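Okay, here's what each chain looks like letter by letter:
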Amino acid sequence: AAMQLPLNGNYVQSERFRAQADASLPLRKRLWQCVVKEKIRRQGALLRELHGDDFGLAKLSAAVNSGDPENLEGRAAVIYWKNLFCTSFLRDRESADNNLLLNYGYAILRAMAARACCAAGLHPTLGIHHHNRYDSCCLADDLMEPFRCVIDRKVAELNPENAAVGELTRPLRAELLRALLESRETRAGEEWRISDLLRSSAQQLAESFLSGEMKLNYR
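All values derive from a computational prediction rather than experimental measurement.

1. Structural notes on unusual backbone geometry
Now for step 1: Positive phi, normally seen in glycine, also occurs at N71, with a value near 55°.
Now for step 2: Residue position: N71 is located in the loop between α3 (57-62) and α4 (72-84).
Now for step 3: The exposure class of N71 is partly exposed, given its relative accessible area of 43%.
Now for step 4: A positive phi angle is found at N162, which is not glycine, with a value near 55°.
Now for step 5: Relative to the elements of secondary structure, N162 occurs in the loop between α7 (148-158) and α8 (170-182).
Now for step 6: Classification of N162 by relative accessible area gives buried; the value is 12%.

2. Description of the packing of aromatic side chains
Now for step 1: Tallied over the full model, the rule gives five aromatic pairs.
Now for step 2: Geometrically, the ring pair formed by W81 and F89 is tilted, given 5.4 Å between the ring centres and 45° between the ring planes. Judged on exposure class, the residue W81 and its partner F89 are both buried.
Now for step 3: Three or more aromatic residues link up through ring pairs in this structure, and these residues are Y80, W81, F85 and F89.
Now for step 4: Its end group placed over the ring of Y106, R148 keeps NZ or CZ at 4.5 Å from the ring centre.
Now for step 5: We note R187 situated over the ring of W192; from NZ or CZ to the ring centre the distance is 5.6 Å.

3. Digging into the nonpolar core
What tends to happen in soluble globular proteins is that the nonpolar side chains get buried as a cluster.
Now for step 1: Counting 59 residues, the largest nonpolar core has I194, L198 and F209 as its most contacted members.
Now for step 2: Listing elements by their share of this core, those giving two or more residues are α2 (25-51), α3, α4, α5 (98-119), α6 (138-144), α7, α8 and α9 (194-211).
Now for step 3: When residues in this core are grouped by element, the largest group, 10 residues, is from α5.
Now for step 4: Among residues more than four places away in sequence, those in contact with F209 are A19, Q20, A23, L27, L31, L122 and I128.

4. Some details on the pattern of salt bridges
Now for step 1: Counted under the stated rule, the structure contains 17 salt bridges.
Now for step 2: Its salt-bridge partner being R110, residue D141 comes within 2.6 Å of it at the nearest N-O pair. Here D141, found in helix α6, pairs with R110, found in helix α5; they are 31 residues apart in sequence, far enough to count as distant.
Now for step 3: Residue classification places D141 among the buried residues on the basis of a relative accessible area of 8%.
Now for step 4: Judged by its relative accessible area of 28%, R110 falls in the partly exposed class.
Now for step 5: In this structure, K154 and E175 form a salt bridge, with 3.4 Å as the shortest nitrogen-oxygen distance. Separated by 21 residues along the polypeptide, K154 in helix α7 and E175 in helix α8 bring together distant segments of the chain.
Now for step 6: Note on K154: relative accessible area 14%, which makes it buried.
Now for step 7: Of the residues examined, E175 reaches a relative accessible area of 26% and is grouped as partly exposed.
Now for step 8: One network of salt bridges, with partners in common, ties together E38, R41, R42, E185 and R219.

5. Notes on the state of the cysteines
Now for step 1: As enumerated under the stated definition, the model contains zero disulfides in all.
Now for step 2: In this structure C117 is a free cysteine whose sulfur lies 6.7 Å from that of C118, the closest cysteine sulfur available.
Now for step 3: Classification of C117 by relative accessible area gives buried; the value is 0%.

6. Things to note about the packing of α5 against α7
Now for step 1: Two elements in contact, α5 and α7, have axes separated by 9 Å at closest approach and are oriented at 145°. Handedness of the crossing formed by α5 with α7: right-handed. Together, N98, L101, L102, G105, Y106 and L109 of α5 and R148, I151, D152 and V155 of α7 make up the contact between the two elements.
Now for step 2: By residue class, the composition of the contact of α5 with α7 is six nonpolar, two polar and two charged.

Quick notes on the rules
- Residues numbered from 1 in each chain as written.
- Predicted model: local features only at pLDDT ≥ 70, side-chain atom pairs only at ≥ 80, totals over all residues.
- Heavy atoms only, no water.
- Helix = DSSP H or I, 4+ residues; strand = E, 2+ residues; numbered from the N terminus.
- Buried < 20%, exposed > 50% of the residue type's maximum accessible area, 1.4 Å probe, protein only.
- Phe/Tyr/Trp six-rings, centres within 6.5 Å; stacked < 30°, edge-to-face > 60°.
- Lys NZ or Arg CZ within 6 Å of the ring centre and 35° of its normal.
- Core = buried A, V, L, I, M, F, W, Y, C linked by side-chain atoms within 4.5 Å.
- Contact = heavy atoms within 4.5 Å.
- Salt bridge = Lys/Arg side-chain N within 4 Å of Asp/Glu carboxyl O.
- Disulfide = S-S within 2.5 Å.
- Axes fitted to C-alpha atoms, helices over the stretch in contact; angles between N-to-C directions.
- Left-handed = near helix turned anticlockwise from the far one by under 90°.
- Nonpolar A, V, L, I, M, F, W, Y, C, P; charged D, E, K, R; others polar.

See the structure below:
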C-alpha cells in the first residue's frame with residue numbers, strides 16, 4: 001500500500017504541517033464537535049427525506065458538546081442504521097449486503113477527502129479526532145464524516161431492502177462513483193459539488209490550525 005503525497009502541492013505547506021501538528025486539544029475538540037453536529041444533522045435529514053421522520057437526530061445534533069464526550073455520534077449511529085433501510089441492518093464491513101456497497105462508496109469518498117487535505121497543504125495522517133496508529137488517513141477520515149450520507153442515500157436507492165449482494169458489479173460501482181461526482185448541495189445560495197465542499201472544509205481546517213480559532217463552517 002502506498003500514498004502519493006504532493007509535497008509541493010501548497011506554497012506554504014511547511015507552515016501548515018507545523019500548525020496542524022501543533023493544534024491545541026481545545027481547538028481540535030471544537031472542530032470535532034462541528035464535524036459530529038453536521039454529520040448527525042445530515043443523517044437526520046436523510047431519514048426525514050426517506051421516511052418522513054428524523055427519529056430524534058436533529059435534537060441529538062444540537063446537543064453535541066466540544067469533543068463529543070457523551071459520544072452522541074455513536075448513539076446517533078445506532079438510531080440511524082436501525083432506521084435507514086427497510087429491514088434489519090447491522091453495520092458489519094464483512095457482510096455481503098449493503099455493507100459491500102457502503103464500503104466501496106466510502107473508499108472513494110475517503111480518497112477524495114485525502115486529496116482535499118493535500119490540496120489545502122495539510123497532512124492526511126494527522127487527524128483532529130481519529131488517531132488509530134495504523135491509520136494513514138486520520139484527517140481524511142475526520143473530513144469525510146458529514147458527507148457519508150451521499151453514499152448512504154445512493155445505497156438506499158439501489159438496494160432499499162438490503163438484499164444480499166453477491167458481487168460488486170461494474171454498474172453498481174459506477175452508480176456509487178456517479179453519486180459522488182454528480183451530487184450537488186446548496187450552500188449560501190450556490191450549488192456545490194461534493195469535491196468542492198471537501199476542499200472548502202479542508203481549507204477551513206487549515207485556517208483553523210493557522211489562526212488557532214474555529215473556522216470550520218458547513219452552512
